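Report on the structure
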Amino acid sequence: MTDYDVIVIGAGNGGVTAGALLAKQGRKVLVLEQSGRIGGCCSTFEKDGYRFDVGASIVEVIRPIEIAFEKLGTTFQKEVDLITCDPVMTIIDRDGSRITYPSSIDATAEAISAISAADGKRWYEFVALMAEFTEVALDAFFVQPAETLADMARMFKKDPRFFKFLPLFLKSYQDLIEKYFKDERILKTMGYQSLYFGHPPAHIPGIFALIPYTEHLGVYYPRGGMIKIPEAIRRCGEKLGMEVRLNTLVARIMVKKRRVEGVVLADGTEITAKIVVSNINARTLYLDLIGEEHLPALARAGIKSYRYSKAVPMIYVGLDYTPPLDSHHSLIAITPEGVNNYWWHNVEKGRLPQQNFGLICWPTHADASLAPQGRHVLNLIPEGFYHLEGTDWDTEKPRFIERTLADLDRFAVPGIRDHVTVVECSTPLDFERRLRLPEGSIYALQQDLSAAAVFRPNARSRGIKGLYLTGSSTHPGGGVPTTIASGIIASSLIAQYEQ
Amino acid sequence: MSHAKIKLIAIGLAAAFIGLSQLSESRKRFLKELLRQTPYLIPRYFV
């Protein structure tokens, strides 16, 4: 007899989703979270009357989230008050010019055509291609296990339209968008999104260029902050008996003869269970909590071969004026080649750029309740990385905040420096300390083709019986809908293999 | 090795060289990055 049927380590989206769905299966579930708040990167904190989102800033491609709530006997829209963000994005160039993309495909074509008629025409061809791929991938890929090559073959067999998209796996994101768009001003609106996968446009396959399309399927913000999504899942789980313990750090997973037996907490307490679901970084899981001595040789080599995913610094700003912006998301424009050069000359050499780029998120554009009356919140996501040459983030942080605000003041958000009432910053080092993301890795592990689907750590551990993975470390990877999808996948595998 | 086989290999290598030289710089960089990661595919499949 064990203390629980299932122990979930980590209350990020993947962890709470798996926990709630396993409680729905009638299992006795305990979720352990090392911090004082659920949601991981999809969370919200309060300071001086302002509510700031920790990391994730919007949600799109919501079908996997809808499926999770349907499986819990409710709906996403009933549990979370979703605000539609339209326009989708404004792209701001350093000369001060702006391009705004509305949600509508046709209105976006008009915005593109105003700059380049030929690119506006090709926008429809790009949309047709990506619409078909998204339809195929959503059903067959995102919420299905990718355990073996046979699973992948079945996926192709189930929908032969997949074959049509094979060539897009062999050309880069950059090649694909440069095929459809020729005007540099338009390319500046399409290249940055490759970093949503954590890689520059030269390094990831063309098929990942679906983001500039899927943004037009609907971008939403949960009223009250991003934490409302994991909170709603937790609420559903707790109604079904799921138990959540905050501020409870797991030090070790008990393994005997390559089968889990429970966990040992940092204070030495042992809690037993036949199934353990991990919602933490897979390298931390296998190398620290389990120990490589328990892994088969190939798995040991495999887990060590992954690089950590990209990291970002976040600057959270409370303002006493309305920022002169046009959309929930604004992007500092950069060409695809500019993103590549940033990767090779800055990220790989540890040198922060003097002129940065990245996202400006304006959540009070959608939800005024996040700030005191007449005030606003901006969550800035300038690009950055973990390893700095010759310095460290604790030293750099004040300079980084000042440089970022001064730069935005010049051309993107005039007046920002004079209207800051609150400023906070999470550097990659802070993310490592607060959320236990090694090297600040927001997507856990690299997300290129060599670490995708069957080549990402498996949702059902191959080496350790009774161990299941959720979150960014496993298929289908980092992001709000994808980590929730990982929770669906883990719970369905447990239903299949753990009677 | 027969004369015919040597000829075939030479033609194959020449075709591969011409094919590669025709690729855009961006495509070459992408394929290079992909090839750099291939040694890890087998161990990763067992994680």
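Residues numbered from 1 in each chain as written. Chains lettered and ligands numbered in written order. Predicted model: local features only at pLDDT ≥ 70, side-chain atom pairs only at ≥ 80, totals over all residues.

**Focus: the overall build of chain B**
Summing up its helical and strand segments, chain B has three helices and zero strands in all. Listing each helix as α and each strand as β along chain B from the N terminus yields α-α-α. Considering only C-alpha atoms, chain B reaches an extent of 45 × 30 × 10 Å along its principal axes. Taking all 47 residues of chain B together, 6% fall into the buried category. (Helix = DSSP H or I, 4+ residues; strand = E, 2+ residues; numbered from the N terminus. Buried ≥ 20, exposed ≤ 12 C-beta atoms within 10 Å, placed from the backbone.)

**With respect to the overall build of chain A**
In terms of regular secondary structure, chain A is built from 17 helices and 19 strands. On C-alpha atoms alone, chain A measures out to a radius of gyration of 22 Å, which is about the 23 Å that the 2.2 N^0.38 rule sets for 499 residues. Summarising its shape, the C-alpha atoms of chain A cover approximately 65 × 55 × 50 Å along the three principal directions. Scored against the burial criterion, the 499 residues of chain A give a buried share of 55%. A fraction of 73% describes how many contacts in chain A between residues 6 or more apart in sequence connect residues 24 or more apart. (Rg over C-alpha atoms; globule rule 2.2 N^0.38 Å. Contact = placed C-beta atoms within 7 Å.)

**Points about the sheet that holds strand 9 (residues 219–222) of chain A**
Residue and element names in this part refer to chain A. Strand order in the open sheet formed by three strands is 5-9-6, and the pairing between neighbours is antiparallel. Looking at the sheet topology across the chains shown, the edges are occupied by strand 5 (59–60) and strand 6 (82–84). Of the pairings in the sheet, the one linking strand 6 to strand 9 comprises three bridges and is antiparallel in character. If you follow isoleucine 83 over to strand 9, its bridge partner there is tyrosine 221. (Pairing = 2+ DSSP bridges.)

**Looking at the packing of helix 4 (residues 105–113) of chain A against helix 5 (residues 117–142) of chain A**
Residue and element names in this part refer to chain A. Between helix 4 and helix 5, whose axes approach to 7 Å, the crossing angle comes to 150°. Here helix 5 runs roughly antiparallel to helix 4, going by the angle between their axes. Classified by chirality, the crossing of helix 5 by helix 4 is right-handed. Counted together, Ile105, Thr108, Ala109, Ile112 and Ser113 of helix 4 and Ala117, Asp119, Gly120, Trp123, Tyr124 and Val127 of helix 5 form the full contact between these two elements. When its residues are assigned to classes, the contact of helix 4 with helix 5 shows seven nonpolar, three polar and one charged. (Axes fitted to C-alpha atoms, helices over the stretch in contact; angles between N-to-C directions. Parallel < 35°, antiparallel > 145°, perpendicular 65-115°, else oblique. Left-handed = near helix turned anticlockwise from the far one by under 90°. Nonpolar A, V, L, I, M, F, W, Y, C, P; charged D, E, K, R; others polar.)

**Description of the interface of chain A and chain B**
Facing the 22 residues of chain A at the interface are 15 residues of chain B. Going through the elements one at a time, helix 8 (173–180) and helix 13 (297–305) of chain A are the ones with two or more residues in the side of chain A that touches chain B. Ranked by the residues each element gives to the side of chain A that touches chain B, the list is headed by helix 13 of chain A, at six residues. Residue classes in the side of chain A that touches chain B are distributed as eleven nonpolar, seven polar and four charged.

**Regarding the sheet that holds strand 15 (residues 329–332) of chain A**
Residue and element names in this part refer to chain A. Across the sheet, which stays open at both edges, the seven strands sit in the order 8-7-15-16-17-14-18 with mixed pairing between neighbours. The sheet is open, and its two edges are formed by strand 8 (98–101) and strand 18 (420–426), each paired on a single side. Within this sheet the neighbouring strands show an average axis-to-axis angle of 20°, counted without direction. Pairing analysis gives five bridges linking strand 14 (residues 314–319) to strand 17 (residues 376–382), with the strands arranged antiparallel. In the strand pairing of strand 17, glycine 318 is matched with valine 377.

**Remarks on the packing of helix 2 (residues 63–71) of chain A against helix 17 (residues 480–497) of chain A**
All names here are of chain A. Where helix 2 contacts helix 17, the axes come no closer than 8 Å and their chain directions differ by 40°. Note that helix 2 runs across helix 17; the crossing there is left-handed. Taken together, the residues of helix 17 that come into contact with helix 2 (itself represented by Pro64, Ile65, Ile67, Ala68 and Lys71) are Pro481, Ile484, Ala485, Gly487 and Ile488. When grouped by side-chain class, the residues that make up the contact of helix 2 with helix 17 number eight nonpolar, one polar and one charged.

**A look at the pairing of strand 4 (residues 50–53) of chain A**
Of the two faces of strand 4 of chain A, the one lined by A:Tyr50 and A:Phe52 and the one lined by A:Arg51 and A:Asp53 are each fully buried. Once strand 3 (residues 44–47) of chain A ends, the chain turns through two residues before running back antiparallel as strand 4 of chain A, passing A:Asp48 with a positive phi of about 50°.

**Some words on the pairing of strand 15 of chain A**
Residue and element names in this part refer to chain A. Every second residue of strand 15 is oriented toward a common face, with His329 and Leu331 on one face and Ser330 and Ile332 on the other, all of them buried. As paired elements, strand 7 (residues 89–92) and strand 15 share three bridges and run parallel to each other. Following the sheet pairing, threonine 90 is matched in strand 15 by serine 330. Pairing of strand 15 with strand 16 (residues 358–361) involves three bridges; the strand directions are antiparallel. The residue bridging serine 330 from the neighbouring strand is isoleucine 360, located in strand 16.

**Considering the confidence of the model for chain B**
The pLDDT averaged across chain B works out to 82; a share of 98% of its residues lies at or above 70. Two numbers describe this predicted complex: its pTM, 0.94, and its ipTM, 0.90. (pLDDT = per-residue confidence, 0-100.)

**Notes on the environment of A:Leu380**
Residues and elements named next belong to chain A. Within the fold, leucine 380 resides in strand 17. Exposure remark for leucine 380: the 25 C-beta atoms within 10 Å place this residue in the buried category. Taking the C-alpha atoms as reference points, leucine 380 and glycine 225, separated by 155 residues in sequence, lie 15 Å from one another.

**Re the environment of A:Asp175**
Counting through the fold element by element, A:Asp175 comes out in helix 8. Remark: the alpha-carbon pair of A:Asp175 and A:Pro336, spanning 161 residues in sequence, is separated by 9.8 Å. Each residue touching A:Asp175, except ones within four places of it in the same chain, is listed here: A:Gly206, B:Ser24, B:Ser26, B:Arg27 and B:Phe30.

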